[in-house]
Amino acid sequence: MIKIAICDDDIELTSQLEIIIKNFARSQNIHIETNIFFNGKSFMEYIENQHMLYDLIFLDIEMKGASGMETARWIRERNKIVIIIFVTHYTEYAIEAYEVHPFQFIVKPLNEEKVCSYFKQAYEIITVDGFYYEYKYKKDYYRVLINDIMYFESKMRIIYIYLKDGTKRQYYDKLDLIQKSLENTKADFWRIHKSILVNSRYIIIKSFNYIELPGGKKLSISEARRKEINEIYIQKIVKHMEK
């Protein structure tokens, strides 16, 4: 499931953009969920209150009140990886917008072919990192996007997969084997406890003895793993600063 936000104070345009995206997604068998916002303030409040993580954001630059640039800066402080596509009447904002690393610009009025092209490119980036995690439960085989997995938890030989949409899957496996298989992907999972493996992209707060995920979910870091997790966290910060 790809989570998409459209934020624009032009009601007619937001409706048109949503229809284009939904029709194209349906034609490509891509599962999406869209949320519409008509100003930057309500958009930021929703993200803050719901701890929402979007995969793709279509954002109008010239909104009244909190502009698209202000909104994008606020978003980037909290989410470095979400793909932002600016929607604008003018291209003169390109230089200023560089600081928030937009993926593309869509110039109004909307060009359906370009909207579909940019959405397809964004979708390929969103799904390329982890591909799918595959597992078997009873006689059936399942797969889920690795980037949709918040964490794995092991209890009495049962593995629970907690997804970003709030759902939970289960099957029989060993966490050590899961951790080993994920080493072959670009996904960054941290073993914070002998029974918990967390996708680091969803860690909002990293404290001494716990981490916090969207929605306020807190998971304990075992005493035996605190030093290792702290070293991994420091390395991640250093790499980010070097970029």
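Just above sits the structure.
About the cut-offs
Residues numbered from 1 in each chain as written. Predicted model: local features only at pLDDT ≥ 70, side-chain atom pairs only at ≥ 80, totals over all residues. Heavy atoms only, no water. Pairing = 2+ DSSP bridges. Helix = DSSP H or I, 4+ residues; strand = E, 2+ residues; numbered from the N terminus. Axes fitted to C-alpha atoms, helices over the stretch in contact; angles between N-to-C directions. Buried < 20%, exposed > 50% of the residue type's maximum accessible area, 1.4 Å probe, protein only. Core = buried A, V, L, I, M, F, W, Y, C linked by side-chain atoms within 4.5 Å. Contact = heavy atoms within 4.5 Å. Phe/Tyr/Trp six-rings, centres within 6.5 Å; stacked < 30°, edge-to-face > 60°. Salt bridge = Lys/Arg side-chain N within 4 Å of Asp/Glu carboxyl O. 1 Å grid on protein atoms, 1.4 Å probe; cavity = no way out; pocket = protein on both sides within 12 Å on 5 of 7 lines; lining within 4 Å. Points joined across faces, edges and corners; volume = space filled by probe spheres on them. Nonpolar A, V, L, I, M, F, W, Y, C, P; charged D, E, K, R; others polar.

Peer 1: I would appreciate a short explanation of the sheet that holds strand 4 (residues 83-88) in the present structure.
Peer 2: In a beta sheet, neighbouring strands are held together by backbone hydrogen bonds and run either parallel or antiparallel to one another. Strand order across the open sheet formed by 5 strands is 2-1-3-4-5, with parallel pairing between neighbours. Sheet topology places strand 2 (32-37) and strand 5 (104-107) at the edges, where each strand pairs with a single neighbour. Each strand axis lies, on average, 20° off the axis of its neighbour in the sheet, ignoring direction. In the sheet, strand 1 (residues 2-7) pairs with strand 3 (residues 56-60) via 4 bridges, with the strands oriented parallel. Residue Ile-4 lies in a different strand from strand 3, and its bridge partner there is Leu-56.

Peer 1: Help me understand the pairing of strand 11 (residues 189-193) in this model?
Peer 2: When a strand is regular, its side chains alternate between the sheet's two faces. A large share of strand 11 lies buried, amounting to 4 of its 5 residues. The sheet contact formed by strand 11 and strand 12 (residues 196-199) spans 4 bridges and is antiparallel. If you follow Trp-190 over to strand 12, its bridge partner there is Val-198.

Peer 1: Which parts of the structure should I look at to understand the nonpolar core?
Peer 2: Generally speaking, soluble globular proteins have nonpolar side chains that are buried together. Ranked by size, the top nonpolar core spans 24 residues in total, and within it Ile-21, Leu-56, Phe-58 and Phe-119 carry the most contacts. Of all elements in the fold, only strand 1, helix 1 (11-27), strand 3, strand 4 and helix 5 (112-128) reach the threshold of two or more residues within this core. Not counting chain neighbours up to four residues away, the residues in contact with Phe-119 comprise Ile-4, Ile-21, Phe-24, Ala-25, Ile-30, Ile-32 and Leu-56. Phe-37, Ala-66, Ala-97 and Val-100 belong to the second largest nonpolar core, which has 22 residues in total.

Peer 1: Just checking my understanding: could you explain the packing of aromatic side chains for this structure?
Peer 2: The geometry of two aromatic rings is summed up by the distance between their centres and the angle between their planes. One pass over the structure, following the stated rule, counts 14 aromatic pairs. Note on Phe-37 and Tyr-46: the rings are 5.3 Å apart at their centroids and 50° apart in plane angle, and the pair reads as tilted. Here Phe-37 falls in the buried class, since its relative accessible area comes to 8%. The class of Tyr-46 is partly exposed, set by a relative accessible area of 28%. Judged by centre distance (4.3 Å) and plane angle (10°), the rings of Tyr-151 and Tyr-162 are stacked. With Tyr-151 in strand 8 (residues 149-155) and Tyr-162 in strand 9 (residues 158-163), this residue pair connects regions lying 11 residues apart in the sequence.

Peer 1: Sorry if this is basic, but what is going on with the pattern of salt bridges here?
Peer 2: Charged atoms that come close allow side chains of opposite charge to pair. Within this structure, the stated rule accounts for 11 salt bridges. Linking Glu-48 and Arg-78 is a salt bridge whose minimum nitrogen-to-oxygen distance equals 3.6 Å. Linking Glu-48 in helix 2 (residues 40-50) with Arg-78 in helix 3 (residues 68-78), this pair joins segments that are 30 residues apart in sequence. Residue Arg-78 is classed as partly exposed on the basis of its relative accessible area of 44%. The shortest N-O distance in the salt bridge between Lys-155 and Glu-153 comes to 4.0 Å. Owing to a relative accessible area of 43%, Lys-155 belongs among the partly exposed residues under this scheme.

Peer 1: So what exactly am I meant to see when it comes to empty space enclosed by the protein here?
Peer 2: In this approach, a probe sized like a water molecule rolls over the atoms, and the result shows the empty space that is left. This model, assessed by the stated rule, comprises 1 cavity of 30 Å³ or more. Approximately 30 Å³ is the volume found for the largest cavity. Lining the largest cavity, in full, are Ile-2, Asp-55, Ile-126, Leu-145, Asn-147, Asp-148 and Lys-164. Partitioned by chemical class, the residues of the lining of the largest cavity number 3 nonpolar, 1 polar and 3 charged.

Peer 1: Is there a simple way to explain the environment of Glu-12 in this structure?
Peer 2: Positionally, Glu-12 belongs in helix 1. A sequence separation of 182 residues divides Glu-12 from Lys-194, and the C-alpha atoms of the two residues are 52 Å apart.

Peer 1: Help me out: how do you make sense of the pairing of strand 7 (residues 140-145) in this one?
Peer 2: Examined bridge by bridge, strand 6 (residues 132-137) and strand 7 share 6 bridges and lie antiparallel to one another. Paired with Tyr-133 across the strands is Val-144, a residue of strand 7. As consecutive antiparallel partners, strand 6 and strand 7 are separated by 2 residues, and within that stretch Lys-138 has a phi angle of approximately 60°, a positive value.

Peer 1: Before we go on, may I ask you to explain the sheet that holds strand 15 (residues 218-220) in this structure?
Peer 2: An order of 13-14-15 is seen for the 3 strands of this open sheet, with the pairing classed as antiparallel. Among the strands making up the open sheet, the edge pair consists of strand 13 (205-206) and strand 15. Of the pairings in the sheet, the one linking strand 14 (residues 210-212) to strand 15 comprises 3 bridges and is antiparallel in character. By the bridge assignment for strand 15, Ile-211 is matched with Leu-219.

Honestly, it's all geometry; don't read function into it.
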